[in-house]
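# What the coordinates show
As a plain string of letters, each chain reads:
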Amino acid sequence: MRTLAPTVLLVCTLSGAAAAGDGPRAVVEAITGAALDVLGNKSFSVEDKRQRLETIVYAHVDFDTVSRLVLARNWSQLSPAQQADFVKLFKEHLSMTYGRSIENYKNERVEISGDREEARGDWTVKTKILRGGGANDILVDYRLRKEDAAWRIIDIVIERVSLVINYRSQFQEIVSQGGPTKLLEVLREKNARREPLKS
């Protein structure tokens, strides 16, 4: 995944403005708008922003579904306890990985360019990160799924590269080499060292 991904993820997930009952497009509009307000607020320290990110991302990303999608068929290899551990460790890893890049925000703006219904009732909202026009702009699709009357993010596709598929390939390699135990061990070690997986 390209190096701008951390900033893009911050733009998509820093929000407390999305309300239950909003449609998927309205949710993304609220999320991106509030995110840009937070990222551009010079009165917040980097640590303040990181904490806001962690709290708010957890409310707007369906990590249980993301975890199942990321592990795909390997999900069933984990015991219920291991599944719970994986969700927790993966949440922490994403927060650590992308929270490190808060300072990379350079006054980007977001334009919503369309939306469409997908299989299973999911919805994709298409956006563009505006960074001066032309080749510098970045296409970002947010895939959302409705659960308990609220739309939550289950994947982010940056320039046609899916976060879910990107991590799935990495986790598949780890599981094939050492099984679920190795996967949890690697995530624990990476989180303890504050070291991201390759991306």
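### A short note on the overall build of the protein chain
Summing up its helical and strand segments, the protein chain has 6 helices and 5 strands in all. For the protein chain, the α and β elements follow one another from N to C terminus as α-α-α-α-α-β-β-β-β-β-α. Counting all 199 residues of the protein chain, 49% fall into the buried class. A total accessible area of about 9,900 Å² is found for the protein chain, and carbon and sulfur atoms account for 47% of it.

### Things to note about the sheet that holds strand E5 (residues 161-162)
A sheet is described by the order of its strands in space; here 5 strands give the open sequence E1-E2-E3-E4-E5, paired in antiparallel fashion. The open sheet is flanked by strand E1 (109-117) and E5, the only strands paired with a single partner. Judged from the 8 bridges that link them, strand E3 (residues 138-147) and strand E4 (residues 150-158) form a sheet pairing that is antiparallel. Of the residues in E4, the one forming a bridge with Arg145 is Arg152.

### Quick word on the nonpolar core
In this structure, Val70, Phe86, Phe90, Leu144, Tyr167 and Phe171 are the most contacted members of the largest nonpolar core, which totals 40 residues. Secondary-structure elements contributing two or more residues to this core are helix H2 (24-39), helix H4 (63-71), helix H5 (80-99), strand E2 (123-130), E3, E4 and helix H6 (163-193). Of all the elements, H6 adds the most residues to this core, at 10 residues.

### Focus: unusual backbone geometry
Negative phi values dominate among residues other than glycine, just as trans dominates among peptide bonds. With a phi angle near 55°, Asp148 is a residue other than glycine that sits in the positive phi range. Mapped onto the fold, Asp148 is located in the loop between E3 and E4. The class of Asp148 is exposed, set by a relative accessible area of 72%.

### Some thoughts on the packing of H4 against H6
Close contact between H4 and H6 brings their axes to 8 Å; oriented N to C, the two are set at 75°. Classified by the angle their axes make, H4 and H6 are roughly perpendicular. Here Val66, Leu69, Val70 and Leu71 of H4 come into contact with H6, specifically with Val164, Tyr167, Arg168, Phe171 and Leu183. Here the contact of H4 with H6 is composed, by residue class, of 8 nonpolar, no polar and 1 charged.

### A short note on the packing of H4 against H5
Running from N to C, H4 and H5 cross one another at 95°; their axes reach a closest spacing of 10 Å. Relative to H5, the element H4 lies roughly perpendicular. Between H4 and H5, the residues in contact are Phe63, Asp64, Val66, Ser67, Val70 and Leu71 and Phe86, Val87, Phe90, Lys91 and Leu94, respectively. Taken together, the residues of the contact of H4 with H5 break down into 8 nonpolar, 1 polar and 2 charged.

### A short note on the pairing of E4
A regular strand carries its side chains on alternate faces of the sheet. Connecting E3 to the next strand, E4, in antiparallel fashion are 2 residues, including Asp148 with a positive phi near 55°. The pairing of E4 with E5 spans 2 bridges and is classified as antiparallel. Counted as the bridge partner of Ile158 is Val161 from E5. Counting the residues that bridge the hairpin from E4 to E5 gives 2 residues, and of these Glu159 lies at a positive phi of roughly 50°.

### Focus: the pattern of salt bridges
Here the structure, examined in full by the defined rule, presents 11 salt bridges. Between Asp85 and Arg188 there is a salt bridge, with its nearest N and O atoms 3.5 Å apart. You can see Asp85 sitting in helix H5 and its partner Arg188 sitting in helix H6, a full 103 residues away along the chain. You can call Asp85 partly exposed: its relative accessible area is 31%. Where salt bridges share partners, they join Arg25, Glu29 and Asp115 into one cluster.

Scoring rules and cut-offs
- Residues numbered from 1 in each chain as written.
- Predicted model: local features only at pLDDT ≥ 70, side-chain atom pairs only at ≥ 80, totals over all residues.
- Heavy atoms only, no water.
- Helix = DSSP H or I, 4+ residues; strand = E, 2+ residues; numbered from the N terminus.
- Buried < 20%, exposed > 50% of the residue type's maximum accessible area, 1.4 Å probe, protein only.
- Areas by Shrake-Rupley, 256 points an atom, 1.4 Å probe, with all protein chains shown as cover.
- Pairing = 2+ DSSP bridges.
- Core = buried A, V, L, I, M, F, W, Y, C linked by side-chain atoms within 4.5 Å.
- Axes fitted to C-alpha atoms, helices over the stretch in contact; angles between N-to-C directions.
- Parallel < 35°, antiparallel > 145°, perpendicular 65-115°, else oblique.
- Contact = heavy atoms within 4.5 Å.
- Nonpolar A, V, L, I, M, F, W, Y, C, P; charged D, E, K, R; others polar.
- Salt bridge = Lys/Arg side-chain N within 4 Å of Asp/Glu carboxyl O.

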